[in-house]
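The residues making up each chain are set out below.
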Amino acid sequence: MSFINRVNKYDAKLLEGRIETEGAVIGCLMSDMLLLDDYLLEDSDFVTIDGLFLFKLIKTLRNKNINDISEFDILNINEKIYEKFQEMGGMRLVYDMRSRIEKSNFQSYIDELYKQNAILQATDDGWDFTKEVDFNGRKIVPIEIFKKYDSQQFIDYLDYQRNKIMIPNLESGVQEEMMDITDEFLESCHLGMESGIPFGRAGMNIENKDIYTFPTISDQIGGYIEGTLNMVAAHSNVGKSTLMTSIAMSLLHQDRKILFINNEQSATPFRISFIFWILCNKLNYYKLTKSKLISGNSTDEDKRMLKQVQRIWREEYYGRVFFVSFNDADMKAVTNKIRQKHLEDGFDTVIYDTFKAEFTNPNKEAVHLELIKASRELHKTVKKYNMIGLASMQLAMNSLGRLFLDASCLSQSKQVVEILETLIIMRSTYSEEFDENNKKYYCNPYKLTRVANKWEKIPYKVDKDKTYRMIFISKCRTGSTSSADGEAMLLSFDGSKGQFKEVCKCKPKHITIG
């Protein structure tokens, strides 16, 4: 492998290891062409003739939305490129280069490439790294020392020339600015541009009336911000998945594209949840239940309404919801799928159900560490791609019976909660909480009502024949949390149809029941 003309001017010592470095980077790109979408690479980054040719080839294929190399796709570019590719070894070369690398080491490979390019750039600026110099009281030849450096260490060596030599940052999302309160920022606040994506409404029903989902909760947390991870936590069989399905319908109303990832269930329960959400909220039809649908006892009227559901789904939602089911909680596979669907199809929201570590390890401490690591990987991914992330997690069993829930109910709560933008916790309710005569457990439900030009808390009579869930806002950027004001939100819950509805606020007791 030889070098392009422009680098022949450099001392041979500056080009030592260059062929291997470019080969490693190209090998990784051959293994995963989507890496081109993640990292800043240009033709000028490659100085070997073969390396430059292969990079241009991979880039051309990727620009055609091709994700894997094949002779057929190369031939479709043009015959000259195909002939050159065959002269280099064709697909045997591809297989050989793939076999020589570890894709998991791509960041180290590309960092080495960035460092070597920076060395050449600094040489162009007049630096001579091949001559012996004094450094920290000893004699060194810089180019020999640089072999042990990463790109940032090299930049540190050239501290006063930091602004001349730029290394692409491997960790995206770093923002720097001199802090000021600008007119533009104030205007964006006035226009509501600093708030997140709301999930309080989900369009209009057949009567042209607004469909309200969780307007109070959405306002309280300020909506969901892109580039953040948010969480819904509850015990088993409380309705986490149903709650997130309802939130998803509001986000779809905001033109989001949602990737559902599940490691516990197939797509069927979610498909049924969508069906009943449209039946009840869009069509105001309540005669069909989940059990009737699943058991095959739908009436002719039910079937006609289901065809309307199908039509609405295809007209309003189809193409914006994608479902993936994994057999385990392998977070690497999850983040790879998120990356793929975002880069290939533009999905901007991911809902992950249920968040947990790989519980194959009998060591409890190891399981907790896996959970922390997995949560950070998911957070890192949604931040990198500026997506809304919403995940569910089961509460610790020792929190059963607690009436007032907070972040301490999560396993390894401090390490997990610190990366979350918002945390909503949900639990079942107890009949004692709605008994006005039971002062120990009564939750004092109320509604805010405008009386004589001011808002007053008016006691609310709960229908004891209905089922309810209680929502706690444990973390949000507005600071309006349940722990701060001692309040929670009551939702009515119809499990037979998978429906939630905000009812009123309440003040649950800080005690344990049962």
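This report concerns the structure included in the present document. (Residues numbered from 1 in each chain as written. Predicted model: local features only at pLDDT ≥ 70, side-chain atom pairs only at ≥ 80, totals over all residues. Heavy atoms only, no water.)

Given 3.6 residues to a turn, an α-helix orients residues that are three or four positions apart in the same direction. Compared with the 22 Å implied by 1.5 Å per residue over 16 residues, the 22 Å span of helix α13 (residues 267-282) between its first and last C-alpha is a close match. α13 sits mainly inside the fold: 12 of its 16 residues count as buried. For α13, the full list of buried residues reads Phe270, Ile272, Ser273, Phe274, Ile275, Phe276, Trp277, Ile278, Leu279, Cys280, Asn281 and Lys282. Where α13 ends, the next residue or the one after it, Asn284, has phi of about 55°, a positive value. (Helix = DSSP H or I, 4+ residues; strand = E, 2+ residues; numbered from the N terminus. Expected span 1.5 Å × (residues − 1). Buried < 20%, exposed > 50% of the residue type's maximum accessible area, 1.4 Å probe, protein only.)

Moving on, we come to the pattern of salt bridges. Under the definition given, this model contains 31 salt bridges. In this structure, Lys115 engages Glu112 in a salt bridge whose closest nitrogen and oxygen atoms are separated by 3.1 Å. Of the two residues, Lys115 and Glu112 both sit in helix α7 (residues 106-124), 3 residues apart, roughly one turn of that helix. Classification of Glu112 as partly exposed rests on a relative accessible area of 24%. Two residues, Arg256 and Asp348, come together in a salt bridge whose shortest N-O distance is 3.4 Å. Taken as a pair, Arg256 in the loop between α12 (240-253) and β6 (258-262) and Asp348 in the loop between α16 (331-345) and β8 (349-355) lie far apart in primary sequence, 92 residues in all. With respect to class, Arg256 is no different from Asp348; both count as buried. (Salt bridge = Lys/Arg side-chain N within 4 Å of Asp/Glu carboxyl O.)

Further remarks concern the packing of helix α1 (residues 18-31) against helix α6 (residues 91-99). Contact geometry for α1 and α6: axes closest at 8 Å, N-to-C directions at 110°. Between α1 and α6, the angle is such that the two are roughly perpendicular. Of the residues in α6, those in contact with Gly23, Ile26, Gly27, Met30 and Ser31 of α1 are Val94, Met97 and Arg98. Here the residues of the contact of α1 with α6 are counted per class, giving 4 nonpolar, 3 polar and 1 charged. (Axes fitted to C-alpha atoms, helices over the stretch in contact; angles between N-to-C directions. Parallel < 35°, antiparallel > 145°, perpendicular 65-115°, else oblique. Contact = heavy atoms within 4.5 Å. Nonpolar A, V, L, I, M, F, W, Y, C, P; charged D, E, K, R; others polar.)

Attention now goes to the side chain of Thr242. Along the chain, Thr242 turns up in helix α12. Not counting chain neighbours up to four residues away, the residues in contact with Thr242 comprise Lys290, Phe493, Gly498 and Phe500.

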